[in-house]
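Examination of the molecular architecture
So you can see what is in the structure, the chains are spelled out below.
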Amino acid sequence: SYDGGVIYNLGKVTLTNTIFTDNIASNIGGAIYTEGALKATSTQFNYNNAASGGAIYYVLNPDIKASFALTKDQFKGNVARNENANAFGGAIYTESFITDSKSTFVSNSVTSSSDLTDEYVGNGGALYLNTPISPNSKTLNKFTSSTVT
């Protein structure tokens, strides 16, 4: 897939106890590309890959009233890799407010070509937030071994 290795969402998606493993999008959102509402609970995102948003790429669409909520999810070994441009968000790239409670981020990474001179070559080993975290969100998350190279 070009965008969203498994799901391309413009509506509403609710996931519970779902596993996304080894999915690839050649552009953005290794497992999920979304402009619509996304709610994931006890869902695993393992070893997904895209140029940005290794597991999830969330675009803020002003024409769609949507929310982005995560609860007790696991993001492990997801990669945002782009050899020809900037890469953002090893596990998640989001332009929307995100509400997250007790999710775990382990060994997610972002890499870009080392010959780029732009100061934003790669950012957000686990998360790249293009907007602040929702003031109502909890911060009981665990981040382990997330890297940017």
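The structure under discussion appears in the preceding block.
Here goes a summary of the coordinates provided. (Residues numbered from 1 in each chain as written. Predicted model: local features only at pLDDT ≥ 70, side-chain atom pairs only at ≥ 80, totals over all residues. Heavy atoms only, no water.)

1. A word on the sheet that holds strand S13 (residues 92-94)
The sheet built from 5 strands is open, its strands ordered S1-S4-S8-S13-S18 with parallel pairing. Since the sheet does not close on itself, it has two edges, and those belong to strand S1 (7-9) and strand S18 (127-129), each with one partner. The mean angle between the axes of side-by-side strands here comes to 5 degrees, regardless of whether they run parallel or antiparallel. Strand direction decides the pairing type here: S13 and S18, joined by 3 bridges, are parallel. Pairing of Thr 94 across the sheet is with Leu 129, part of S18. (Pairing = 2+ DSSP bridges. Helix = DSSP H or I, 4+ residues; strand = E, 2+ residues; numbered from the N terminus. Axes fitted to C-alpha atoms, helices over the stretch in contact; angles between N-to-C directions.)

2. Concerning the sheet that holds strand S2 (residues 12-16)
With respect to topology, 4 strands assemble into an open sheet ordered S2-S5-S9-S14, the strand pairing being parallel. Each having just a single partner strand, S2 and strand S14 (99-101) make up the two edges of the open sheet. Averaged over neighbouring strand pairs, the angle between their axes works out to 0 degrees when direction is ignored. Alignment of strand S9 (residues 68-71) against S14, held across 3 bridges, turns out to be parallel. Bridging across to S14, Ala 69 finds its partner in Thr 99.

3. Quick word on the packing of aromatic side chains
Under the counting rule described, the total for this entry stands at 10 aromatic pairs. Here Tyr 8 and Tyr 33 contribute two aromatic rings whose centre-to-centre distance is 4.7 Å and whose plane-to-plane angle is 25 degrees, an arrangement assigned as stacked. Here the residue Tyr 8 occupies a position in strand S1, and Tyr 33 occupies one in strand S4 (residues 32-34), the gap between them amounting to 25 residues. Using a relative accessible area of 6% as the deciding quantity, one classes Tyr 33 as buried. Ring geometry for Phe 45 against Phe 75: centres 4.7 Å apart, planes inclined by 5 degrees, an arrangement best described as stacked. (Phe/Tyr/Trp six-rings, centres within 6.5 Å; stacked < 30°, edge-to-face > 60°. Buried < 20%, exposed > 50% of the residue type's maximum accessible area, 1.4 Å probe, protein only.)

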